[in-house]
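# Inside the fold
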Amino acid sequence: MTTMTRQTTGLREFKMPDVGEGLTEAEILGWYVQPGDTVTDGQVVCEVETAKAAVELPIPFDGVVRELRFPEGTTVDVGQVIIVVDTGGGEGDEGTASGEAGAVQAAPAPVAPEEKAAARQPVLVGYGVAESSTKRRPRKAAQPAEAVRVNGSARAEEPPAAPEPAPAPAPAAPEPASPVLASAAVPGSRPLAKPPVRKLAKDLGVDLAAVVPSGPDGVITREDVHAAATSVQEPARQAPGQQPRESASPAPAEAAGPEAAQADPSARETRIPIKGVRKATAQAMVGSAFTAPHVTEFVTVDVTRTMKLVEKLKADPDMAGLRVNPLLLVARALLLAIRRNPEINAAWDEESQEIVVKHYVNLGIAAATPRGLIVPNIKDADSLSLAGLSTALSDLVGTAREGRTSPAAMRGGTVTITNVGVFGVDTGTPILNPGESAILAVGAIKPQPWVHKGKVKPRQVTTLALSFDHRLVDGELGSKVLADIAAVLEQPKRLLTWG
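Residues numbered from 1 in each chain as written. Predicted model: local features only at pLDDT ≥ 70, side-chain atom pairs only at ≥ 80, totals over all residues. Heavy atoms only, no water.

## Description of the environment of tryptophan 450
Positionally, tryptophan 450 belongs in strand E23 (residues 446–452). For the pair tryptophan 450 and valine 461, spaced 11 residues apart in sequence, the C-alpha to C-alpha distance is 8.2 Å. (Helix = DSSP H or I, 4+ residues; strand = E, 2+ residues; numbered from the N terminus.)

Shown next, in the form of structure tokens:
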């Protein structure tokens, strides 16, 4: 009776946590464990992608994985159970740690809680990342009792891999392996790769555990994944349920599925699920466009002197090792314009019927990433030096491109810059980021004929566009801000005389 009680109370369910403010769902990008693996308190068990970022989830207790409720690629609501772990009802567990099966507790397993609490540091979810890695529990011969449930259906576990002598083959062919159970992780470790690389491997159907890393410290790179995809392309086509999303040539008819049909070049239409960043961006833009009355003003400006200053700063020893480009000086010009016109740095509070003027500037930079458009921001950008702003911009852009932008980095923005000029576009009418009152679009900088000192000469020219919320920014204020930005870029010495 005691054993049965411990077995029942020892099953714990880990639910999808809220990994970001206001988020209601997340997509499971990859599992780092499989049923039968031993996990420890704080160990990362999966990677999920929310509408704002890709994050890794550590589990807050010890035990053996019994069930993975969802396969990779599934979008799961916050609060749904994603993994079931058998904590084993260790010493000191009298059934009081969990009043009923399925209760997820923030506390770790009840073995020496004081010692574990002192050894851990708080993280996003759980109580710290443990140093121990995934350990495979010895498996028995295939038995009905060892079946694993994924999405509510029983799946037979795969036999141990070579070089151990293989057991007798199963009498009947099992149904296609779930993606959750497909990866052959190396016992004692998991492949090292950044989230974008894991996403690429997933899209190409590449098992990271079989990839030979070439990066520093054994990190798998994009090139490693592409090389592995080329070498396993033919076997991947023949494996049911493991069809890669992209292939160099059409797959055989027997392996074709919904994804293969979408990738067919002869198809007249392709349907792409709306989720993640794309879904969040769509909702935010619709909400902004139909809530805040937008006004956009334009100005064309001669930025020849600014371009010359960029070249001088690149050669300045004090800026050595820093990234200097026109965007840096545009950001500086916008911050100076906000200092001269602080009312532009505000937000409309509909519920309280108040205009909230911010006495700090969290400068958002719109960034196009493989996951979609995101707008991380530089906290207190107005307090940074030119060198500090350069460093912050470089870090922000690099983190966004690598897919490592955290949800916190995308909260609390007060004003945004979108640099459409990098695409060769002259200008645009940008939509406000929700909760902000202004957004500046910077067009391409091109040589154009321009009247300079009474003569027509080729000059470096660009067009700026400022969209603002007309509920709290009238035409005069918006025009002053845009004119100040243009004046600084035309005569960058104003950074000193106005600053």
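## Regarding the packing of aromatic side chains
The tally for this structure, following the rule as stated, stands at 0 aromatic pairs. Over the face of the ring belonging to tryptophan 498 we find arginine 340, whose NZ or CZ atom lies 3.8 Å from the ring centre. (Phe/Tyr/Trp six-rings, centres within 6.5 Å; stacked < 30°, edge-to-face > 60°. Lys NZ or Arg CZ within 6 Å of the ring centre and 35° of its normal.)

## So, the pairing of strand E8 (residues 81–86)
For E8, the tally of buried residues reaches 6 of 6 residues, placing the bulk of the element in the interior. Bridging between strand E1 (residues 11–15) and E8 involves 5 bridges; their strand directions are antiparallel. The residue bridging arginine 12 from the neighbouring strand is valine 85, located in E8. The pairing of strand E6 (residues 63–68) with E8 spans 4 bridges and is antiparallel. Bridged to valine 65 within E8 is valine 85. (Buried < 20%, exposed > 50% of the residue type's maximum accessible area, 1.4 Å probe, protein only. Pairing = 2+ DSSP bridges.)

## Side note on the pairing of E6
Regular strands show a simple pattern: their side chains alternate between the two faces of the sheet. With 5 of 6 residues buried, E6 is to be regarded as a mostly interior element. Two elements, strand E3 (residues 37–39) and E6, share 2 bridges in a ladder whose sense is antiparallel. Its bridge partner lying in E6, valine 39 is registered against glycine 63.

## Overview of the side chain of asparagine 341
Inspection of the secondary structure puts asparagine 341 in the loop between helix H10 (326–340) and strand E15 (346–349). Once residues lying within four places of it in the same chain are set aside, the contact partners of asparagine 341 are Leu477, Lys480, Val481 and Asp484. (Contact = heavy atoms within 4.5 Å.)

## Concerning unusual backbone geometry
Non-glycine residue glutamine 353 carries a positive phi angle of around 55 degrees. Its relative accessible area of 54% is what places glutamine 353 among the exposed residues.

## Details of the sheet that holds strand E4 (residues 44–49)
Within the open sheet, the 4 strands sit side by side as E5-E4-E2-E7. Their pairing is antiparallel. The open sheet has two edge strands with one neighbour each: strand E5 (54–58) and strand E7 (75–77). On average, each strand axis in the sheet is inclined to that of its neighbour by 40 degrees, with strand direction left out of account. As judged from the 3 bridges shared by strand E2 (residues 25–31) and E7, these two strands associate in the antiparallel manner. Opposite glutamate 25, over in E7, you have aspartate 77 as the bridge partner. (Axes fitted to C-alpha atoms, helices over the stretch in contact; angles between N-to-C directions.)

## Some words on helix H9 (residues 304–315)
Taking 1.5 Å per residue, 12 residues should reach 16 Å; H9 reaches 17 Å between its end C-alpha atoms and fits that length. The set of residues buried in H9 consists of Thr304, Thr306, Val310 and Leu313. Where H9 is buried, its residues touch strand E14 (294–302), H10, helix H11 (386–401), strand E24 (455–469) and helix H12 (475–490). (Expected span 1.5 Å × (residues − 1).)

## As for the pattern of salt bridges
On inspection of all chains with the given rule, the structure shows 11 salt bridges. The residue arginine 69 makes a salt bridge to glutamate 13 at a minimum N-O spacing of 3.3 Å. Highlighted residues: arginine 69 in the loop between E6 and E7 and glutamate 13 in strand E1, separated in sequence by 56 residues. (Salt bridge = Lys/Arg side-chain N within 4 Å of Asp/Glu carboxyl O.)

## Describing the confidence of the model for the protein
The predicted model of the protein has a mean per-residue pLDDT of 75, with 69% of residues at 70 or higher. Confidence drops under pLDDT 50 across residues 90–188; counting only partners more than four residues distant or on other chains, this segment forms 151 contacts. Counting contacts from residues 233–262, a segment whose pLDDT is below 50, to residues more than four positions away or on other chains yields 32 contacts. (pLDDT = per-residue confidence, 0-100.)

## Quick look at a positive patch on the surface
A cluster of basic residues, Lys308, Lys312, Lys453, Lys455 and Lys457, forms a positive patch at the surface. Every element with two or more residues in the positive patch is listed here: H9 and E24. Checked against the element boundaries, lysine 312 lands in helix H9. (Patch = residues over 30% accessible without salt bridge, like charges linked within 9 Å, V, L, I, M, F, W, Y side chains within 5 Å. Areas by Shrake-Rupley, 256 points an atom, 1.4 Å probe, with all protein chains shown as cover. Lys, Arg positive; Asp, Glu negative; His and termini not counted. Charge placed at Lys NZ, Arg CZ, Asp CG, Glu CD.)

## Some points on the environment of aspartate 382
For aspartate 382, the position within the fold is in the loop between strand E20 (377–378) and H11. Spatially, the C-alpha atom of aspartate 382 lies 8.5 Å from that of arginine 332, the residues being 50 residues apart in sequence. The residues contacting aspartate 382, other than those within four sequence positions of it, are Leu335, His359, Tyr360 and Val361. Within the structure, aspartate 382 has its side chain in polar contact with the backbone nitrogen of valine 361 (distance 3.2 Å). (Polar contact = N/O pair within 3.5 Å; in protein donor to acceptor, adjacent residues only side chain to side chain.)

## Quick word on the nonpolar core
By size, the foremost hydrophobic cluster in this structure holds 46 residues, and its most contacted members are Leu363, Leu389, Ile417, Leu440, Leu464 and Ile485. Elements with a minimum of two residues in this core: H9, H10, strand E17 (363–365), H11, strand E21 (415–418), strand E22 (438–442), E24 and H12. It is H10 that provides the largest number of residues to this core, a total of 11 residues. Not counting chain neighbours up to four residues away, the residues in contact with isoleucine 485 comprise Ala333, Leu334, Ala337, Leu440 and Leu464. Core analysis: the next-biggest nonpolar cluster, separate from the first, contains 21 residues, Cys46, Val55, Val65 and Phe70 among them. (Core = buried A, V, L, I, M, F, W, Y, C linked by side-chain atoms within 4.5 Å.)

## Re a nonpolar patch on the surface
Side chains of Trp348, Ile355 and Val357 sit close together on the surface and give an oily, nonpolar patch of about 240 Å² of accessible area. The class of tryptophan 348 is partly exposed, set by a relative accessible area of 30%.

## Examining the environment of lysine 480
Its location among the elements puts lysine 480 in helix H12. C-alpha of lysine 480 to C-alpha of isoleucine 344: the two residues are 136 residues apart in sequence and 9.9 Å apart in space.

## A short note on H11
Spanning 16 residues, H11 covers 23 Å between terminal C-alpha atoms, matching the ideal 22 Å at 1.5 Å per step. Those residues of H11 that sit buried are Leu389, Ser390, Ala392, Leu393, Leu396, Val397 and Ala400. Along the axis of H11, the buried residues cluster in a sector spanning 165 degrees; they form a single face. Lining the buried residues of H11 we find H10, E17, strand E18 (367–369), strand E19 (372–374) and E20. One or two positions beyond H11, positive phi appears at glycine 403, with a value near 75 degrees. (Arc of directions from axis to C-beta.)

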